[in-house]
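Take a look at the letters that make up each chain.
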Amino acid sequence: MIEVVEYQTSWPERFRQLHDAYAAALDDAAVPFRSIEHVGSTSVPGLAAKPVLDVDIVVDAADVPAAVAAMAMIGFESRGELGVPGRQAFRTPERFAPTNTYVITVGSLALRNHLTVRDVLRADPALRDEYAAVKRRAASEAEDIDDYIERKSEVLGRILHAGGLSDDERAAITATNRRITDRGAAG
């Protein structure tokens, strides 16, 4: 079962805690980073979401291995790209759960996807509310997480279009999402 809950006012504070812990780990390892971004639905005030914070640690491509190693020092287990170019995923240690934390390359389509969705939904309350309704319906009807992702794809395409991503960029994001769902949620 997929749980979608109403927006929680505690999410920004939880992100600040994660930000500070991640920044300290990167600083301790002398790894430069561009930013640490709260992305995903929990980053949009008023948007219903799965109660899992998504966090992107943005680094230059040359700093990805060092950033992954720094995150391992605080308990994160690297899972690699998992089919998403420019993004390194992790298994999250219990003390940081529930989160999806990524080391992501500055300028990558994966980062642009995350930031575009967040920024468009923050700026457009009508689209945010439509997306929330789609998420609630998808959560109640989907057979699994892959079906849930697929049920949101049409509105996500419109969000990305509103954010200025090109047809080719949106097609690449859709193809990546389909490869993930074709592989299965456990993959």
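Since the model is a prediction, treat every value here as computed from it, not as a measurement. Along each chain, the written sequence defines residue order, and numbers are assigned to residues from 1. Two thresholds apply to this predicted model, a pLDDT of at least 70 for residue-level local features and 80 or more for giving and counting side-chain atom pairs, whereas whole-chain, interface and lining totals are computed over all residues. Heavy atoms throughout the structure, all of them, feed into the side-chain values; hydrogens and water do not.

Undergrad: Help me out: how do you make sense of the environment of V31 in this one?
TA: Helix numbering and strand numbering both begin at the N terminus, where a helix is a DSSP run of H or I of at least 4 residues and a strand a DSSP run of E of at least 2. Inspection of the secondary structure puts V31 in the loop between α1 (11–28) and β1 (35–39). Relative accessibility decides the category of a residue: with a 1.4 Å probe and only protein chains considered, values under 20% of the type maximum give buried, values over 50% give exposed, and everything between is partly exposed. According to the relative accessible area criterion, V31 is buried, its value standing at 5%. Between the C-alpha atoms of V31 and D63, which are 32 residues apart in sequence, the distance is 7.0 Å. Residue contacts are defined here by distance: any two heavy atoms, one from each residue, within 4.5 Å place the two residues in contact. Excluding residues that lie within four positions of it along the chain, V31 makes contacts with L26, D63, A66, A67 and A70.

Undergrad: Is there a simple way to think about the pattern of salt bridges in this case?
TA: Close approach of charged atoms lets side chains of opposite charge pair. Every case where a carboxyl oxygen of Asp or Glu lies within 4 Å of a side-chain nitrogen of Lys or Arg is listed as a salt bridge. Evaluated as defined, the whole model comprises 13 salt bridges. Salt-bridge contacts for R16 lead to E13; the nearest nitrogen and oxygen are separated by 3.1 Å. One end of the pair, R16, and the other, E13, are both in helix α1, three residues apart, so they sit about a helical turn from each other. Note that R151 and E141 form a salt bridge whose closest N and O atoms lie 3.0 Å from each other. Here E141 lies in helix α4 (residues 125–141) and R151 lies in helix α5 (residues 145–162), a separation of ten residues in the sequence. For R151, a relative accessible area of 36% translates into the label partly exposed. Three or more residues are tied together by salt bridges with common partners; here these are E37, R118 and D119.

Undergrad: Looking at this structure, how should I read unusual backbone geometry?
TA: Negative phi is the rule for most residues except glycine; trans is the rule for most peptide bonds. Residue P98 follows A97 across a cis peptide bond; omega there is -5 degrees. Of note in the backbone geometry, A30 takes a positive phi value of approximately 60 degrees without being a glycine. On the secondary structure map, A30 appears in the loop between α1 and β1. Overall, A30 belongs to the exposed group, its relative accessible area being 67%. With phi around 50 degrees, L82 is a residue other than glycine that occupies positive phi space. Relative to the helices and strands, L82 resides in the loop between β3 (77–80) and β4 (87–91).

Undergrad: Can you walk me through the side chain of T105 in this structure?
TA: Structurally, T105 is set in strand β5 (residues 99–105). Classification of T105 as buried rests on a relative accessible area of 16%. When sequence neighbours within four positions are dropped, the list of residues in contact with T105 reads V59, A61, V64, G86 and L111.

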